Amino acid sequence: MDTQNTPIHIKLWHRQFWLLALANLLLSVSVYMMIPEMMRLLQLGYFSPLQKAIVMGSYGIGLFLFGPFVNYFVQRYRRRQVCLWSVATMILTNIALIFLLPRPYGLNVEFLTILRVIYGAMFGLAQMVFVSTLIVDAVESFQRTEANHHASWFSRFALSIGPLIAVVAGKYLNVGNVLWISIALSVVSMLLVNAVKFPFKAPEDDVKVWSFDRFFLPEGGWLFLNFFLITTIVGMVLTLPLSARFYSCIMLGFLIAIISEKYAFANADLKSETVTGLIAIIFALAIMLTRQHSIGFLIAATLIGFGVGIIGSRFLLFFIKLSRHCQRGTSQSSYFLAWESGIAFGLFIGLSVFHCASDKLLMCGIALAFVALLFYNFFVHSWYLKHRNR
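What counts, and at which threshold
Residues numbered from 1 in each chain as written. Predicted model: local features only at pLDDT ≥ 70, side-chain atom pairs only at ≥ 80, totals over all residues. Heavy atoms only, no water. Core = buried A, V, L, I, M, F, W, Y, C linked by side-chain atoms within 4.5 Å. Buried < 20%, exposed > 50% of the residue type's maximum accessible area, 1.4 Å probe, protein only. Helix = DSSP H or I, 4+ residues; strand = E, 2+ residues; numbered from the N terminus. Contact = heavy atoms within 4.5 Å. Axes fitted to C-alpha atoms, helices over the stretch in contact; angles between N-to-C directions. Left-handed = near helix turned anticlockwise from the far one by under 90°. Nonpolar A, V, L, I, M, F, W, Y, C, P; charged D, E, K, R; others polar. 1 Å grid on protein atoms, 1.4 Å probe; cavity = no way out; pocket = protein on both sides within 12 Å on 5 of 7 lines; lining within 4 Å. Points joined across faces, edges and corners; volume = space filled by probe spheres on them.

Novice: I keep staring at the nonpolar core and nothing clicks. Help me out?
Specialist: Across soluble globular proteins, nonpolar side chains have a tendency to be buried as a group. Grouped together as the largest cluster of nonpolar side chains are 141 residues, with contacts concentrated most on L20, F130, L238, M288 and F315. Ranked by the residues each element gives to this core, the list is headed by helix 1 (residues 15-42), at 18 residues. Each residue touching F130, except ones within four places of it in the same chain, is listed here: L20, A23, N24, L27, C83, I135 and V193.

Quick look at the structure:
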């Protein structure tokens, strides 16, 4: 399938796919809830800005830890079980965090960092199994691009839903009780995954313990870097004190992006979505920089949701088309890592460098968006056209 249009119009009726997509949504929501909630928790301790940044950013390091072993795990063990054990470990990590909060050593920065690394590692493993194996195997071969596209939108919406739940619940509950909501969502996600039945697959011969299979697509390095820059901006914005209405408007922006890619960009130039999305992000950050009216923040949030949504959808297809035969799962994992590691790096930069300077953070975000725009327009797009395989 080599059309430039995003395949949103194709309907998928597979019950297994929708169960997995919903499970992925709930798991992602539980993870994104942790961003505002962990920052609230860190306010309880006497941490320096750098220590807070290390705790939040260490999650991004964990994402890559089990990546080289994903192919080995899914070949030697049942795919579903690998995913379930990963999510179960995430739950145990959160439970450990809850029960250590009242302890004198509960807010030790080293221990919190270790917990965040483990949490990121388990989420990375679970997601790579989700996107590279479970969701791909839940549909027919000719529907896999559509399945990847639909599933990615579920995860993308979690970026607004998770923090929204955390902000609203945080007004009425303490940190520990909000974490129980995250745990509950992860448990439901496990139940949904467990409800899906997969046929047993005999492992391949001579499976390497360490490999790039289902982990990282080296051919997509420039695309990874470009997308990483864009999601870094998102991570930086998430370090600001944002309201529930702000996250609701990000969700509205996502909805506008879905409608736009189906109608407004149906026959547009291939690079138009990314260029338009980055311009929308630049305008959003500029509006936030002025801070003249609260309505301006809501317009900015909608533009951010639209920009990130339309770019994310397009880059997903770019990663797929850069992959060769049997590399679809690897391309999905690369996309996921670019998205998540960029957000984690943005959290680190926002908390460490711009912890008391929101204006400078927004100006840096605008500069990064311009760099990402120039990088894409004058290099990455033409490079992609020369190297795509589909």
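Novice: Looking at this structure, how should I read the environment of Y384?
Specialist: Looking at the secondary structure, you find Y384 in helix 13 (residues 358-387). A residue is classified by how much of its surface remains accessible, and Y384, at 1% relative accessible area, is buried. Apart from residues no more than four positions distant in its own chain, Y384 is found in contact with L270, F318, K321 and L322.

Novice: What am I meant to see in the packing of helix 5 (residues 109-137) against helix 12 (residues 328-352) here?
Specialist: Pairs of packed helices are described in terms of their axes, by the angle between the two and the distance that separates them. It is at 9 Å that the axes of helix 5 and helix 12 come closest, and there the two elements cross at 145°. As helix 5 packs across helix 12, the resulting crossing turns out to be right-handed. Seen from helix 5, the contacting residues are F123, G124, Q127, M128, V131, S132 and V136; seen from helix 12, they are R328, G329, Q332, S333, F336, L337 and E340. Looking at the contact of helix 5 with helix 12 residue by residue, the classes come out as six nonpolar, six polar and two charged.

Novice: Help me out: how do you make sense of the layout of surface pockets in this one?
Specialist: Which parts of space are left empty comes out when a probe the size of a water molecule is rolled across the atoms. Each pocket or cavity is described by its volume, and for the second largest pocket that value is around 550 Å³. Among the elements of the structure, helix 1, helix 2 (49-62), helix 6 (144-170), helix 12 and helix 13 are those that each provide at least two residues to the lining of the second largest pocket. Counting residues per element, the lining of the second largest pocket draws most heavily on helix 1, at five residues. Within the lining of the second largest pocket, the residues separate by chemical class into 16 nonpolar, six polar and four charged.

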